[in-house]
Amino acid sequence: MKQIWAPWRMEYVKNANAKGCFLCAALKEKKDGKNFIITRGKHAFVIMNRYPYNTGHLLIAPNKHKANLEDLTREEVLEIFELLKKMKHQISKCLKPEGFNVGINIGRIAGAGLRTHIHVHIVPRWAGDTNFMPILGKTKVISECLHKLHKQLTKP
């Protein structure tokens, strides 16, 4: 059996059953670099996914802990989508993806890992990013260090 070293995943394994909301905890801590927060708005914020599907996978969430779309105010919805536009532009500049997946997983059956704090995923995509590794090797290769990418995405 071949091994791919990914020591940063140990944090995920150790905290898999952690109580509370990681989005609220990151927002409250006010250590944006440590928590990979890209930007904060009046009603919403952007944070890097620590366990990304692809390089540049971001989450956009309301500042208030809300589980459902219908709980969001007009201002929160507007700011979430303004941040989505801004981050798509910033990712395009930095990473030059060929496309994007944008979505919201609502409910466990739909794949929501965090069901109590609604958030939008933005995932950059490239031709060939779904190759033999995840299909045959059941392993995803992320090509950019989170710290380095955080610096790129927070540049004005």
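Our structure is the block above this text.
Owing to the predicted nature of the structure, the values given are computational and were not obtained by experimental measurement. (Residues numbered from 1 in each chain as written. Predicted model: local features only at pLDDT ≥ 70, side-chain atom pairs only at ≥ 80, totals over all residues. Heavy atoms only, no water.)

Another aspect to go through is the sheet that holds strand E1 (residues 37–40). Spatially, E1-E2-E3-E5-E4 is the arrangement adopted by the five strands of the open sheet, whose pairing is antiparallel. Of all strands in the sheet, those bounded by a partner on one side alone are E1 and strand E4 (99–103). Across the sheet, the axes of successive neighbouring strands diverge by a mean angle of 15°, strand direction being ignored. As judged from the three bridges shared by strand E3 (residues 58–62) and strand E5 (residues 120–125), these two strands associate in the antiparallel manner. Note on E5: the bridge partner recorded for Leu58 is Ile122. (Pairing = 2+ DSSP bridges. Helix = DSSP H or I, 4+ residues; strand = E, 2+ residues; numbered from the N terminus. Axes fitted to C-alpha atoms, helices over the stretch in contact; angles between N-to-C directions.)

Here we come to the pattern of salt bridges. Summed over all chains, the structure comprises four salt bridges. Of the charged contacts in the structure, one is a salt bridge between Glu76 and Lys66, with a shortest N-O distance of 2.7 Å. Of the two residues, Glu76 sits in helix H4 (residues 74–95) while Lys66 sits in the loop between E3 and H4, which places them 10 residues apart along the sequence. For Glu76, a relative accessible area of 3% translates into the label buried. Between Lys85 and Glu82 there is a salt bridge, with the nearest N and O atoms lying 3.8 Å from each other. Taken together, the positions of Lys85 and Glu82, both in helix H4 and three residues apart, correspond to about one turn of that helix. On the basis of relative accessibility, which here comes to 56%, the residue Lys85 falls in the exposed class. Owing to a relative accessible area of 40%, Glu82 belongs among the partly exposed residues under this scheme. (Salt bridge = Lys/Arg side-chain N within 4 Å of Asp/Glu carboxyl O. Buried < 20%, exposed > 50% of the residue type's maximum accessible area, 1.4 Å probe, protein only.)

Let us now look at the nonpolar core. In this structure, Ile38, Val46, Met48, Leu58 and Ile60 are the most contacted members of the largest nonpolar core, which totals 20 residues. Those elements that place two or more of their residues in this core are strand E2 (44–48), E3, H4, E5 and helix H6 (146–153). By residue number, the principal contributor to this core is H4, which donates six residues. Sequence-distant contacts of Ile60, that is, excluding residues within four places in its chain, are made with Phe45, Val46, Ile80, Leu83, Leu84, His119, Val120 and Ile122. Core analysis: the second largest hydrophobic core is formed by 10 residues, Cys21, Ile37, Ile47 and Ala61 among them. (Core = buried A, V, L, I, M, F, W, Y, C linked by side-chain atoms within 4.5 Å. Contact = heavy atoms within 4.5 Å.)

Right, let's get into the side chain of Thr39. Among the secondary structure elements, Thr39 is positioned in strand E1. Setting aside residues up to four positions removed in sequence, Thr39 forms contacts with Phe45, Val46, Leu83, Lys86 and Met87.

For any two helices packed against each other, the geometry comes down to the angle between their axes and how far apart the axes lie. The geometry of H4 relative to H6 is characterised by a closest axis approach of 10 Å and an angle of 115° between their N-to-C directions. The element H4 and its partner H6 pack so that their crossing is right-handed. The segment H4 lies against H6, with Met87, Gln90, Ile91, Cys94 and Leu95 engaging Leu149, Gln152 and Leu153. The residue makeup of the contact of H4 with H6, split by class, is six nonpolar, two polar and no charged. (Left-handed = near helix turned anticlockwise from the far one by under 90°. Nonpolar A, V, L, I, M, F, W, Y, C, P; charged D, E, K, R; others polar.)

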